[in-house]
Amino acid sequence: MNIILGIIVVLGCVVGGFVIHGGNPMALMSPIEVLIICGASLGAMIIGNPLSVTIGVVKSAGALMTPSKFNKTFYLELLTLLYDILNKTRREGLMAIEGDIEEPETSPLFANYPEILKDHHIVEFICDYLRIMVAGNMAPHELEALMEQELDGHHQEASVIPGAIQNAADGLPGFGIVAAVLGVVITMSKIGGPPSEIGASVAAALVGTLLGILFAYGFIGPFASYLNGKVRDESRAYECVKAVLVASMNGVPPQVAVEFGRKVLFHSVRPSFKELEEQYRASKK
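Note that the coordinates shown come from a computational prediction; the quantities given were computed from them, not determined experimentally. (Residues numbered from 1 in each chain as written. Predicted model: local features only at pLDDT ≥ 70, side-chain atom pairs only at ≥ 80, totals over all residues. Heavy atoms only, no water.)

Here we look at helix α9 (residues 140-158)
Then, number 1: Over its 19 residues, α9 extends 27 Å from the first C-alpha to the last, a length consistent with the 27 Å expected when each residue adds 1.5 Å.
Then, number 2: Regarding α9, the residues found buried are L143, M147 and L151. All buried residues of α9 lie within an arc of 65 degrees about the axis, which places them on one face of the element. Within α9, the exposed residues directed more than 90 degrees away from the buried face are H141 and Q149. (Helix = DSSP H or I, 4+ residues; strand = E, 2+ residues; numbered from the N terminus. Expected span 1.5 Å × (residues − 1). Buried < 20%, exposed > 50% of the residue type's maximum accessible area, 1.4 Å probe, protein only. Arc of directions from axis to C-beta.)

Pasting the structure below:
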């Protein structure tokens, strides 16, 4: 919703201001300039990135229209799941969760948390490190270091697509100038012709510069920032899991270990202590 609202505000202010000053909005309609700018930008992206990244950029358009799933409800489920797992290991031993982590899709423990099960990557992350804990041959600081290495790699990988979009945004003003220069070249060939025709050519050339800057700072750059925000939100979820599991390996009781994870969350999505307590009670019914 905020994406659509932002687009309306950007176009409304730019085009509206132009019209208020007496401009004809149809003068801004220049399909050839759009073709030059967007086509050249796409070509540069293809040159500068593996094909998989370019395909990922195209697929990421769908993520622009969906809100982040990492909200308070998601974290309530995640923290309660971690509490249940650690509580079970405390009562029955680490070997008691072996079946749960080998096949989480059929585990009664995981079945209580459908939102978490939908995220295959975070389920895999949890289960991988629980397997290491079950094996019992790694010190807490070693487990934490391994988690940090994996999370660093995950963050770099997830940032590739937003980075490619940001690079495209950075290049758009330059391609706008290219379109403008091409328009000037065409205009120079019309010198000596009717002033109205020369004026229209100059206007079309200037529209190229305008569109390049508008696309870069009004749309593509903000799109990259939005996707970076989603990457940041996802990374925070993994940091939450890391904090809980490391605390547990250091001998912290389950309820306190979960509190370690709760504290690393951003305030906008962090469940309160009371909300988490109520979620614990609800999960036991």
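Overview of the nonpolar core
Then, number 1: L78 and I122 are the most contacted members of the largest nonpolar core, which totals 44 residues.
Then, number 2: If you tally residues by element for this core, the top one is helix α4 (residues 72-92), at 10 residues.
Then, number 3: The contact partners of L78, leaving out residues within four places of it in the chain, are I116, I122, I126, A237, C240 and V241.
Then, number 4: Counting 22 residues, the second largest nonpolar core, distinct from the first, contains I3, I37, V57 and A168. (Core = buried A, V, L, I, M, F, W, Y, C linked by side-chain atoms within 4.5 Å. Contact = heavy atoms within 4.5 Å.)

Considering the pattern of salt bridges
Then, number 1: Tallying each qualifying case throughout the model produces 11 salt bridges.
Then, number 2: Between K69 and D119 there is a salt bridge, with the nearest N and O atoms lying 2.8 Å from each other. Pair noted here: K69 is in the loop between α3 (51-59) and α4 and D119 is in the loop between α7 (114-117) and α8 (120-135), with a separation of 50 residues, a long-range link.
Then, number 3: Here K69 falls in the partly exposed class, since its relative accessible area comes to 42%.
Then, number 4: Among the residues examined, D119 registers a relative accessible area of 4% and is labelled buried.
Then, number 5: In this structure, E239 engages K242 in a salt bridge whose closest nitrogen and oxygen atoms are separated by 3.3 Å. Here E239 and its partner K242 are both found in helix α11 (residues 195-249), three residues apart, which amounts to about one turn of the helix.
Then, number 6: Judged by relative accessible area, which is 26%, E239 ranks as partly exposed. (Salt bridge = Lys/Arg side-chain N within 4 Å of Asp/Glu carboxyl O.)

Considerations on the side chain of S30
Then, number 1: As for its position among the elements, S30 is in the loop between α1 (2-20) and α2 (31-48).
Then, number 2: Those residues in contact with S30, other than ones at most four positions away along the chain, are V207 and L211.

Considering the side chain of S60
Then, number 1: Structurally, the position occupied by S60 is in the loop between α3 and α4.
Then, number 2: When its relative accessible area of 11% is taken as the criterion, S60 is described as buried.
Then, number 3: S60 has contacts with I161, I165 and L227, leaving out every residue within four places of it along the chain.

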